[in-house]
Amino acid sequence: MARCRMDCIEKPLQSFFKKMGKSVGSNPWWFLIAPLIVSAALGSGFYFTQDRLSNNIEEEFTPFNGPAKTERKHFSEMFPEDDSMFSSLRQTTDGNYATLIATSETNILTVKMLEEILMLDSKIKNMLVEFDKESFKYEGICAKVMKNCISNIILDIIQYNAENIKAVTLTFPWYHNGKTNLPLYTSLGGVTQGDTSVVESAKAIQLYYYLKEGNKTKNDLWLESFISLVSNSSSPSLQVRTHILCLSYYPPTWWLDNVRTKVWVGFCGVLSTSLAVVSGFGLLLLVGQPFVMTAASCPFMILGIGIDDMFIMISCWQKTCVLDSVPERLGETYKDAAISITITTLTDVLALFLGCITPFGSVQSFCLYAGICLCFCYFYSLTFLGACMALNGQREAENKHWITCIKVPSDAPGKSKAFWLCCTGGRYNQDTKKEETEPISSFFERFYGPFLTHKVTKVFVFVLYAGYLAASIYGCVILKEGLDTKNLALDDSYIINYYNHEEEHFNEYSFSAMVAIEQQFPYWEKDQRKQLNSCISSFESLKFVNNTMAWFIFFENYAEGNNKPISSQEEFLNNLKPFLNFDPFLAQDIQWTPDGKIQASRFFLQTKNNVPMADMMVELRKTAEECSVELLVYHPSFIYFDQYTVILNNTIQTMLTAVIVMLAISLVLIPDPLCSLCVVFAIVSVITGVTGFMSLWGVNLDSISMINLVMCIGFSVDFSAHICYSFVSSPKSDGNEKAIEALAILGYPVLQGALSTILGVVVLSVSGSYIFRTFFKIVFLVIVFGLFHGLTFIPVFLTLFGACSKSR
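Here's a quick rundown of the structure. Predicted model only: the values in this text are computed from it and were never measured.

### Points about the nonpolar core
So, point 1. Core analysis: the largest hydrophobic core is formed by 133 residues, its most contacted members being Met301, Phe366 and Val690.
So, point 2. The element best represented in this core is helix 12 (residues 361-397), accounting for 19 residues.
So, point 3. Apart from the residues lying within four places of it in its own chain, the contact partners of Val690 are Leu709, Cys712, Ile778, Leu781, Val782 and Phe785.
So, point 4. Counting residues in each nonpolar core, the second largest holds 106 residues, with Ile117, Ile124, Ile154 and Ile566 among its members.

Here's what the structure looks like:
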């Protein structure tokens, strides 16, 4: 077999870490106290937590460079909002408002129901809110039309008198009041109609309370009072929408030997990880980095990685000679464990920092917080945890009890079994001079390793992997994209009920998209109008477009009905201005040049909810681009729909970049190119499996799951890199023997790390937050698949593909 010699970096690193281990072992108190001081200093950053919180959904969960944000800027500049003539249809942002849905099991359009709704409406409008030692009502902060608060359509129709419903003939989806058409579908839901458009009954009424932009503090106070008031209303059933962990865990490091037990090391491993989180979070909070809710899941990931590193260090410590001095033993421990930990930390950190290139603020925040915390976790593992191991090693060298610190005998012949269990310790293998092997490690060496390397077992492993890969690819094919904004709320939040009622009763009609004519268009020329009409026809041919609302269509009907000539520019403009005086809302749809010409204008497309909204956005943009007239389409919800168009490409780009970086690191630090390729193969395989099975588990590809997929790279490296490095470092020549030795040395620590990580996050499985449940699901999949790759697939593949051995 050819021999590969690529240890020019590994050997100097081993020498460096051995010296470092000796230094830590010789001066443990310095390395113990220094991290505590650093953590205490950086922990002061938590004082700024409230100031750094960032809960803006648009900023954190939509792409920074989304086309809709550019479109919004153009519309805002072309059609500035008129505060004196508020129009929700013409808003370029989500706005600031409260809304409620009143529902009834039968018919809500009864006098009794409407009286209750009118009573609630009156309470809302007359609700007193305290601000700056003064009280104000809705009227003081409401969005206004000609100095009056904007009202609700259905209440306007009945003129705020429930008895009037008996005399009103409601038509759906548009109500014709003789002067104008009102979009009743925005106020009435669950509508039952007869043969005509006349409404026979309805099950829901939606009311809106728009607030003017300005004093955010006053608006927030009013919204909070609104929630409190409406939440306490009982009949009819009302839901509201406004725009407005503790983990107890201890790793399994206890053994029956009262001297050799690593209980204190296990405790210090958890403490070391906690210090890393305090230091990382504190540092970023001190420098002003925004804290997004997604970063709250970082500690669970850091805990899993930190505990995994601790188990590796403990395993290597147990392989050293118990008769050597503590500095010597710790030097040997660092020599064997530190490179493996360095590989996994480098790959984890770089994968996370690469996640910072994504255009989602929530992903960037998570990756930055997690990456910095992992850096601290690495340094604290080599300093604080190493110092704790040294101090524990000094106790072991003196054969002292782990609780009482009193010297105990290694054996007690003639004493009771209770005395032997509680008051003896310090036993070790007299032949090898090493600590006694754990029963599970013996299981990996004597039973599992030989069983796995048997020819029949290898065939079965290949069949099992083929099935795993097939199921994973199928899941990837049916993977859905996009984040449902209601998933950002807690399960018991009032907003969940609101969204559910909205989906149930107001699901027929969707948004009204704005379409801007960006050029100076000659509306009076018939040939040019034909081109524009052709574009409108193209829009209306889309199956989800219900109708078109355009000022120039209304103006043409007005001119025709009043015999007004509009065939020339002068006639068109002269008759247009008086027409706009009748409907000042339409005046907001036209941008004028200083010399009185039309610079740009807009019209609206009403859509139906029969196609996914992201598909609507894409089709509308495509139709606008294909039109001979220069058009631009926009709606505020496009800001959120843009994630559907970029999330997949950005995820693939980030994953591929990370995999390439992982390969480079593995080639540098693992002295065997084929083993490096195996590490990369494991990463790709685990990512494929996690992506496919998360789809089968009902998780979409969104910014939340993207965060976890980036994290998935790090976890998948942890399992495969340890086994691969141990395999290639084995002095044995036979591939099966190398695999058995790798499993004997690291099988138990890897298994411990996996189980400890799952135990660390299992509490999230019952969380009331979609973010934390998604975190649990993906971490669970990563750990299970990573464990299978590390303990089953990779050892078998290494034996079959003949990785070259490394001579010592």
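Past the structure itself, the notes keep going.
### Notes on empty space enclosed by the protein
So, point 1. Considering only enclosed or pocket space, the largest cavity measures out at about 50 Å³ in volume.
So, point 2. In terms of lining, the largest cavity is formed by Thr294, Ser297, Ile704, Ile707, Asn708, Ile771 and Phe775.
So, point 3. Among the elements of the structure, helix 24 (703-729) and helix 26 (770-801) are those that each provide at least two residues to the lining of the largest cavity.
So, point 4. In terms of residue count, the dominant contributor to the lining of the largest cavity is helix 24 (three residues).
So, point 5. Looking at side-chain class alone, the lining of the largest cavity contains four nonpolar, three polar and no charged residues.
So, point 6. Approximately 30 Å³ is the volume found for the second largest cavity.
So, point 7. Contributing to the lining of the second largest cavity are Gly304, Asp308, Phe715, Asp718, Phe719, Gly753, Ala754 and Thr757.
So, point 8. Secondary structure elements with two or more residues in the lining of the second largest cavity: helix 10 (298-318), helix 24 and helix 25 (735-761).
So, point 9. Tallied by class, the residues present in the lining of the second largest cavity amount to three nonpolar, three polar and two charged.

### Topic: a nonpolar patch on the surface
So, point 1. Taken together, the side chains of Ile473, Tyr474, Val477, Ile478 and Leu696 make up a nonpolar region of the molecular surface, amounting to roughly 490 Å² of accessible area.
So, point 2. If one sorts the elements of the nonpolar patch by residue count, helix 15 (residues 455-477) sits on top with three residues.
So, point 3. Structurally, Ile478 can be placed in the loop between helix 15 and helix 16 (494-505).
So, point 4. Relative accessible area serves as the criterion here: at 36%, Ile478 is assigned to the partly exposed category.

### Some points on the side chain of Ser705
So, point 1. Looking at where Ser705 falls in the secondary structure, it is placed in helix 24.
So, point 2. Residue classification places Ser705 among the buried positions, given a relative accessible area of 0%.
So, point 3. Within the structure, Ser705 has its side chain in polar contact with the backbone nitrogen of Asp702 (distance 2.8 Å).
So, point 4. Excluding residues that lie within four positions of it along the chain, Ser705 makes contacts with Met694, Val699, Asn700, Thr774 and Ile778.

### What to know about the packing of helix 1 (residues 10-26) against helix 12
So, point 1. Relative to each other, helix 1 and helix 12 sit at 55°, their axes nearing to 8 Å. Comparing the axis directions of helix 1 and helix 12 gives the class oblique. For helix 1 against helix 12, the interelement crossing comes out right-handed. Contact residues: helix 1 offers Phe17, Met20, Val24 and Gly25, while helix 12 offers Tyr378, Leu382, Thr383, Gly386, Ala387, Ala390 and Gln394.

### Looking at the state of the cysteines
So, point 1. This structure, assessed with the given rule, holds two disulfides.
So, point 2. Residue pairing for Cys142: its cysteine sulfur links by disulfide to Cys149, the two sulfurs lying 1.8 Å apart. Between Cys142 and Cys149 the sulfur-sulfur dihedral comes to about -75°; the bridge is accordingly left-handed.
So, point 3. A sulfur-sulfur separation of 1.5 Å characterises the disulfide bridge that pairs Cys535 with Cys627.

### A few points about a negative patch on the surface
So, point 1. On the surface, Glu81, Asp82, Asp83 and Glu213 cluster together into a patch of negative charge.
So, point 2. Note on placement: Asp83 falls in the loop between helix 5 (67-78) and strand 2 (96-103).
So, point 3. In this structure Asp83 comes out as exposed when scored by relative accessible area, which is 68%.

### Things to note about the pairing of strand 19 (residues 631-634)
So, point 1. Judged by which residues are buried, strand 19 turns out to be covered on both faces: Leu631 and Val633 on one side and Leu632 and Tyr634 on the other are all buried.
So, point 2. Examined bridge by bridge, strand 15 (residues 509-517) and strand 19 share four bridges and lie antiparallel to one another. Paired with Ile517 across the strands is Leu631, a residue of strand 19.

### Some thoughts on the pattern of salt bridges
So, point 1. All chains considered together, the criterion is met by 15 salt bridges.
So, point 2. Ionic pairing is found between Lys262 and Glu396, a salt bridge with its closest N-O pair at 3.2 Å. Placement of Lys262 in the loop between strand 13 (237-242) and helix 9 (263-286) and of Glu396 in helix 12 is noted, with a sequence separation of 134 residues between them.
So, point 3. Assessed through its relative accessible area of 2%, Lys262 is described here as buried.
So, point 4. A salt bridge links Lys608 to Glu508; the shortest N-O distance between them is 3.8 Å. Of this pair, Lys608 sits in strand 18 (residues 598-608) while Glu508 sits in the loop between helix 16 and strand 15; the two residues are 100 residues apart in sequence, bridging distant segments of the chain.
So, point 5. What emerges from the salt-bridge pattern is a single network uniting Glu71, Arg621 and Asp642.

### Overview of unusual backbone geometry
So, point 1. For the peptide bond that leads from Phe172 to Pro173, omega is 10°, which places it in the cis range.
So, point 2. Assignment of secondary structure puts Pro173 in the loop between helix 7 (153-157) and strand 7 (174-176).
So, point 3. Phi is positive for Lys133, which is not a glycine, with a value near 65°.
So, point 4. Looking at where Lys133 falls in the secondary structure, it is placed in the loop between strand 3 (129-131) and strand 4 (134-136).

### A few points about helix 23 (residues 673-696)
So, point 1. Between its first and last C-alpha atoms helix 23 spans 35 Å; for 24 residues at 1.5 Å apiece the expected length is 34 Å, and the two agree.
So, point 2. Immediately beyond the C-terminal end of helix 23, within one or two residues, lies Gly698, with a positive phi of roughly 90°.

Rules used throughout
Residues numbered from 1 in each chain as written. Predicted model: local features only at pLDDT ≥ 70, side-chain atom pairs only at ≥ 80, totals over all residues. Heavy atoms only, no water. Core = buried A, V, L, I, M, F, W, Y, C linked by side-chain atoms within 4.5 Å. Buried < 20%, exposed > 50% of the residue type's maximum accessible area, 1.4 Å probe, protein only. Helix = DSSP H or I, 4+ residues; strand = E, 2+ residues; numbered from the N terminus. Contact = heavy atoms within 4.5 Å. 1 Å grid on protein atoms, 1.4 Å probe; cavity = no way out; pocket = protein on both sides within 12 Å on 5 of 7 lines; lining within 4 Å. Points joined across faces, edges and corners; volume = space filled by probe spheres on them. Nonpolar A, V, L, I, M, F, W, Y, C, P; charged D, E, K, R; others polar. Patch = residues over 30% accessible without salt bridge, like charges linked within 9 Å, V, L, I, M, F, W, Y side chains within 5 Å. Areas by Shrake-Rupley, 256 points an atom, 1.4 Å probe, with all protein chains shown as cover. Salt bridge = Lys/Arg side-chain N within 4 Å of Asp/Glu carboxyl O. Polar contact = N/O pair within 3.5 Å; in protein donor to acceptor, adjacent residues only side chain to side chain. Axes fitted to C-alpha atoms, helices over the stretch in contact; angles between N-to-C directions. Parallel < 35°, antiparallel > 145°, perpendicular 65-115°, else oblique. Left-handed = near helix turned anticlockwise from the far one by under 90°. Disulfide = S-S within 2.5 Å. Lys, Arg positive; Asp, Glu negative; His and termini not counted. Charge placed at Lys NZ, Arg CZ, Asp CG, Glu CD. Pairing = 2+ DSSP bridges. Expected span 1.5 Å × (residues − 1).

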